[in-house]
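Structural overview for review
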Amino acid sequence: MLDPITAFATASAAFNFVKRAVEAGREIEDVGSQLGTWFSACADLKQHEEESRDPPLFKKLLNKGSVEEEAFENLSRRKAIEAQEKQLRELIVYRYGVDTYREMMEERKQLRDNRERAVMIQRRRRAKALQNAIAVVLIVGIFAVPVAVSMWLFGKVE
């Protein structure tokens, strides 16, 4: 994940490239990777904004800027990204038609849902593995502790 300043700069550069390329008549396939870069940078900005709402303890203690400053920076970046997204939508709809834009947004939604589903599955697997490991440790402990105590109390049987 990029820091918010880098993510915003990346998003702005990708936006400017896409805008110039579409206005010059390039096809949607030619700007696809830059659109992907723009969407990725926007996702990083959104994630940073969500994390800034409930930062970890070390960030709360070490953060030098004021809360108001951070809130204003988040708001200004969010508004700029919204304006860029509106312009991109208008460019794509004007150049390629509303159906292309809808297809792109539907594909984006499906990909995001698939990724979120994959993350949830991975979290469930980790939680299940942790539960299984704890169960194994407890079971081994239940049987091993009495055996160890009896061996200690009564000595080894030879």
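Here the structure is shown first, and the text comes after it.
Structural notes, computed from the coordinates.

Moving on, we get to the overall build of the protein. Counting its secondary structure elements, the protein contains five helices and zero strands. In sequence order, the protein lays out its α and β elements as α-α-α-α-α. At 26 Å, the protein has a C-alpha radius of gyration far larger than the 15 Å of a compact globule built from 158 residues. Sequence separation of 24 or more characterises 70% of the internal contacts of the protein that already satisfy a separation of 6 or more. When the accessible surface of the protein is summed, it comes to about 12,100 Å², and 60% of that surface belongs to carbon and sulfur atoms. Here the protein holds 26 positive side-chain charges and 24 negative ones, and the gap between their average locations is 4 Å.

All right, on to empty space enclosed by the protein then. Summed over all chains, the structure comprises one cavity of 30 Å³ or more. Put simply, the largest cavity is a space of about 40 Å³. Trp38, Phe39, Glu85, Leu88, Arg89, Ile92, Tyr101, Met104 and Met105 together form the lining of the largest cavity. Counting only elements with at least two residues in the lining of the largest cavity, the list comes to α2 (32–53), α4 (67–96) and α5 (98–154). Sorting elements by how many residues they give to the lining of the largest cavity places α4 first, with four residues. Broken down by class, the residue content of the lining of the largest cavity amounts to seven nonpolar, no polar and two charged.

This part is about the layout of surface pockets. Approximately 1,200 Å³ is the volume attributed to the largest pocket. For the largest pocket, the lining is made up of 32 residues, of which Phe39, Cys42, Ala43, Arg108 and Arg112 are closest to its centre. If you list the elements that add at least two residues to the lining of the largest pocket, you get α2, α4 and α5. Looking at which element gives the most residues to the lining of the largest pocket, the answer is α2, with 15 residues. Considering only residue class, the lining of the largest pocket consists of 12 nonpolar, six polar and 14 charged.

Before going further, it helps to spend a moment on the pattern of salt bridges. Close approach of charged atoms allows side chains with opposite charge to pair. Taken as a whole, this structure holds five salt bridges when the rule is applied. Arg26 serves as the salt-bridge partner of Asp30, at 3.8 Å between the closest nitrogen and oxygen. In this structure, Lys79 engages Glu82 in a salt bridge whose closest nitrogen and oxygen atoms are separated by 3.7 Å. Within this pair, Lys79 and its partner Glu82 are both found in helix α4, separated by three residues, close to a single helical turn. For Glu82, a relative accessible area of 40% puts it in the partly exposed group.

The next point concerns the nonpolar core. Among soluble globular proteins, nonpolar side chains are generally buried collectively. Counting 22 residues, the largest nonpolar core has Val31, Leu35 and Trp38 as its most contacted members. Of all the elements, helix α1 (residues 4–23) adds the most residues to this core, at seven residues.

Turning to the packing of α1 against α2, a few remarks are in order. For the pair α1 and α2, interaxial distance at closest approach is 8 Å and the crossing angle is 150°. Regarding the angle of α1 to α2, the classification is roughly antiparallel. Here α1 runs over α2; the crossing is left-handed. Side by side, α1 and α2 meet where Pro4, Ala7, Phe8, Thr10, Ala11, Ala14, Phe15, Phe17 and Val18 of the first sit next to Gln34, Leu35, Thr37, Trp38, Ala41, Cys42, Asp44, Leu45 and His48 of the second.

Okay, the packing of α4 against α5 next. Where α4 contacts α5, the axes come no closer than 6 Å and their chain directions differ by 130°. Overall, the two elements α4 and α5 adopt an arrangement that is oblique. The residues of α5 that touch α4, namely those facing Glu85, Arg89, Ile92, Val93 and Tyr96, are Val98, Thr100, Tyr101, Met104 and Arg108. Grouping the amino acids of the contact of α4 with α5 by side-chain chemistry returns six nonpolar, one polar and three charged.

Right, let's get into the environment of Glu29. Looking at the element boundaries, Glu29 is found in the loop between α1 and α2. Along the backbone, Glu29 and Gln131 are 102 residues apart, and their C-alpha atoms lie at a distance of 47 Å.

Reading the values: the criteria
Residues numbered from 1 in each chain as written. Predicted model: local features only at pLDDT ≥ 70, side-chain atom pairs only at ≥ 80, totals over all residues. Heavy atoms only, no water. Helix = DSSP H or I, 4+ residues; strand = E, 2+ residues; numbered from the N terminus. Rg over C-alpha atoms; globule rule 2.2 N^0.38 Å. Contact = heavy atoms within 4.5 Å. Areas by Shrake-Rupley, 256 points an atom, 1.4 Å probe, with all protein chains shown as cover. Lys, Arg positive; Asp, Glu negative; His and termini not counted. Charge placed at Lys NZ, Arg CZ, Asp CG, Glu CD. 1 Å grid on protein atoms, 1.4 Å probe; cavity = no way out; pocket = protein on both sides within 12 Å on 5 of 7 lines; lining within 4 Å. Points joined across faces, edges and corners; volume = space filled by probe spheres on them. Nonpolar A, V, L, I, M, F, W, Y, C, P; charged D, E, K, R; others polar. Salt bridge = Lys/Arg side-chain N within 4 Å of Asp/Glu carboxyl O. Buried < 20%, exposed > 50% of the residue type's maximum accessible area, 1.4 Å probe, protein only. Core = buried A, V, L, I, M, F, W, Y, C linked by side-chain atoms within 4.5 Å. Axes fitted to C-alpha atoms, helices over the stretch in contact; angles between N-to-C directions. Parallel < 35°, antiparallel > 145°, perpendicular 65-115°, else oblique. Left-handed = near helix turned anticlockwise from the far one by under 90°.

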